[in-house]
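Read off the chains here:
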Amino acid sequence: MRLDYDVIVIGAGHAGCEAAHAAARLGVTTLLITIDMNKIAQMSCNPAVGGIAKGQIVREIDALGGMMGIVTDRTAIQFRMLNRSKGPAMWSPRAQSDRMRFSLLWREILENTPGLYMWQDNVTSLVIDDGRVCGVRTALGMTFTAKSVVLTAGTFLNGLMHVGRVKIAGGRVAEPLATGITEQLASLGFKTDRMKTGTPVRIDGRSVHWEDTITQEGDNDTHHFSYLPSVHRELRQRPCHIVYTNVTTHDILRRGLPDSPLYNGQIQSIGPRYCPSIETKIVTFADKNEHQLFLEPEGEDTREYYLNGFSSSLPIDIQIRALETIPALRDVQIYRPGYAIEYDFFDPTQLRHTLETKMVGGLYFAGQVNGTTGYEEAAGQGLVAGVNAALKVKGEGEFTLARDESYIGVLIDDLVTKGVDEPYRMFTSRAEYRILLRQDDADMRLTPRGYQIGFVSEERYQLMESKRTQRDAVIEFARTFSIKPVLINPLLEQHGLQPLSQGTKLVNLILRPQLNIAMLLEMVAPFARFVDENVETERREEILEAAEILMKYEGYIERERMIADKLQRLEDVRLRGRLDYAGIKALSTEARQKLQRIDPETVAQASRIPGISPSDVSILLLLLGR
């Protein structure tokens, strides 16, 4: 039995799985420790991946060589591209997954990753010597040594669940909590606090009156998460269903508020503002007579349904009585009630952009322990932490992502620069360069980065290059091929579109809002022949979509790239270790305090710290000789 490893990962949730897989893939011996090996990569809340901005993160994980996108595609039972009515910067993929198959596939991947080992146990403390982590100790009395440790404990650190006035210690329903780590790190000076999240009831589908629901089917097209053409949806696709609360529902919920842990003082910690419980909704939006809810299947064959939008910690009887007022749920049977959970997290401003802690060398944090929420945010952090933990062991530098490079970069920069005052969730609005961070081109942005550090395989890299070559060939053809009015006008008029007055290049027709490449392939035979001969069938729709976006939005993309490049100058001005902030009287007191505490890497990062004014930035640049 091996007791010494290069990297140890604590926790096998979405962050831990990506971290362990990444570290092992980079060639270092890795141990993944989890409380229950039968619940690897559990979808503790909604059995869904992606959504607004979160789907972009999953595509970035895939582009870098991570596994979340592949696992999601192979276990998906519904796929939708959200925001298709808006510009491509807002398109966001989302999938419902089979909860059990998602977990089983992740375990299969981990068990078959060379250099990756697993141990079922509860880590109770870290081994720290002279400011560096050296290993972990467990509840079973084991001590494992390592050069780097990644903490991805999710909601398990001193986890406490609430259902009405009932309180149950645990990290997840029917699972034990983890103690010792928070207390140890707090004694070393780490700043820690509590957060809250929750989950809805699980409903027996046999009790639902489906005729009283609105059916919501998924998309039936070629979109998916992974850029690998060999990865496809393998399971039977299932619909979701929409129902609504009503005035009677709200009255029952309102009468139950005195027994709600959120309103009777039982829960003191901060919950997610953008994913409120049903009791928070009826208080915050008191003027609304109904709220939309989604019945989402938990798997390909199961009768269990997740009621999205009905997160609650109210007493069980109140939850059931409220549900029974919804026509489709009048005879409802539930598998388990909704509940809230409180857990420890650490102030993420105590981290570097590599997700290594500033106070303990070799110790990395990822996931909900950093104050985030969501599987996707956790997985993105896990990948970055796992890569950096491995690179540190190998002595091969650091891996960080910029804000104009990825949503993962935005996420991590927000955490380490601004900290959190509520569970952090990614939105497109958080990214100032979202036109550059589209879901369609994450591979172009990030696959070369993953390839540089040895995480992306040669096969994946060549697939990306082949896609780029084919995409650019389509763009070049469109820019050089001339269209005569006599040939195209009858077809344009047939579609009710403005005819040409003179000849033009094909690209000018693609730029018309009413036209797209799919339509022009039917109208322009030489274009169709070119595509048939030069664009592979398997990825044709993906490649053509990428080409069309670049042509239609070229001006916007170039303008945003110019802005990003200008601001990059501040990213290139190194700051850490060059100034004694306490002695700079020209800075405001708040600026001095925050610069000392966060210790930003660059002037650009310093400029994003809340409370740092433009005049403070000017002073820093002046002192640095800029």
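What you are looking at is a predicted structure, and each value in this text was computed from that prediction instead of being measured.

1. Considerations on the overall build of the protein chain
A count of helices and strands for the protein chain gives 21 helices and 22 strands. Computed over the C-alpha atoms, the radius of gyration of the protein chain is 26 Å, within 12% of the 25 Å expected from 2.2 N^0.38 for a compact globule of 626 residues. Among the 626 residues that make up the protein chain, the fraction classed as buried is 58%. Accessible area for the protein chain stands at about 25100 Å²; split by element, carbon and sulfur atoms hold 51% of it. With 73 positive and 80 negative side-chain charges, the protein chain shows a spacing of 3 Å between the two charge centroids.

2. Things to note about empty space enclosed by the protein
Applying the stated rule across the entire model yields two cavities of 30 Å³ or more. For the largest cavity, the calculated volume is near 60 Å³. Of all the secondary structure elements, the ones that give two or more residues to the lining of the largest cavity are helix H11 (442-452) and helix H12 (458-480). Ranked by the residues each element gives to the lining of the largest cavity, the list is headed by H12, at four residues. The calculated volume of the second largest cavity comes to roughly 30 Å³. Lining the second largest cavity, in full, are Arg 438, Asp 440, Asp 441, Asp 443, Met 444, Lys 467, Arg 471, Ala 546 and Leu 550.

3. Some details on the nonpolar core
Among the nonpolar cores identified, the biggest contains 101 residues, and Ile 8, Trp 106, Val 136, Leu 185, Phe 365 and Val 387 are the most heavily contacted of them. Ignoring anything within four residues of it in the chain, the contact list for Val 387 reads Ala 22, Leu 26, Phe 399, Ile 453 and Phe 455. Counting residues in hydrophobic clusters, the runner-up holds 26 residues, among them Leu 509, Val 524, Phe 527 and Leu 544.

4. Describing the confidence of the model for the protein chain
Residue-level pLDDT values for the protein chain average 96, and 100% of them are 70 or greater. For the protein chain, per-element mean pLDDT is lowest for helix H13 (residues 485-494), which scores 88, and highest for strand E20 (residues 363-365), which scores 99.

5. Quick look at the sheet that holds strand E6 (residues 116-120)
Pairing is parallel in the open sheet, where five strands are placed in the order E6-E2-E1-E10-E20. Edge strands, defined here as strands with exactly one partner in the open sheet, are E6 and E20. Taken over all neighbouring pairs, the strand axes of this sheet differ in orientation by 20° on average, direction set aside. With four bridges joining them, strand E1 (residues 7-10) and strand E2 (residues 30-34) adopt parallel strand pairing. Bridging across to E2, Ile 8 finds its partner in Leu 31. Sitting on the sheet, helix H1 (residues 14-25) touches E1, E2, E6 and strand E10 (148-151), and the angle it makes with E2 is about 165°.

6. A closer look at the layout of surface pockets
Volume-wise, the second largest pocket comes out at about 800 Å³. Considering the residues around the second largest pocket, the lining is formed by 34 residues, among which Thr 222, His 223, Glu 541, Glu 542 and Glu 545 are closest to the centre. Mapped onto the lining of the second largest pocket, the elements with two or more residues apiece are helix H15 (517-523) and helix H17 (540-552). For the lining of the second largest pocket, the leading source of residues is H17, giving nine residues. Across the lining of the second largest pocket, the residue classes break down as eleven nonpolar, eight polar and 15 charged.

7. Topic: the environment of Pro 114
By the secondary structure assignment, Pro 114 is in the loop between helix H4 (99-111) and E6. Pro 114 sits in the exposed class, given a relative accessible area of 67%. Sequence separation between Pro 114 and His 21 is 93 residues, and the spatial gap between their C-alpha atoms is 9.3 Å.

What counts, and at which threshold
Residues numbered from 1 in each chain as written. Predicted model: local features only at pLDDT ≥ 70, side-chain atom pairs only at ≥ 80, totals over all residues. Heavy atoms only, no water. Helix = DSSP H or I, 4+ residues; strand = E, 2+ residues; numbered from the N terminus. Rg over C-alpha atoms; globule rule 2.2 N^0.38 Å. Buried < 20%, exposed > 50% of the residue type's maximum accessible area, 1.4 Å probe, protein only. Areas by Shrake-Rupley, 256 points an atom, 1.4 Å probe, with all protein chains shown as cover. Lys, Arg positive; Asp, Glu negative; His and termini not counted. Charge placed at Lys NZ, Arg CZ, Asp CG, Glu CD. 1 Å grid on protein atoms, 1.4 Å probe; cavity = no way out; pocket = protein on both sides within 12 Å on 5 of 7 lines; lining within 4 Å. Points joined across faces, edges and corners; volume = space filled by probe spheres on them. Core = buried A, V, L, I, M, F, W, Y, C linked by side-chain atoms within 4.5 Å. Contact = heavy atoms within 4.5 Å. pLDDT = per-residue confidence, 0-100. Pairing = 2+ DSSP bridges. Axes fitted to C-alpha atoms, helices over the stretch in contact; angles between N-to-C directions. Nonpolar A, V, L, I, M, F, W, Y, C, P; charged D, E, K, R; others polar.

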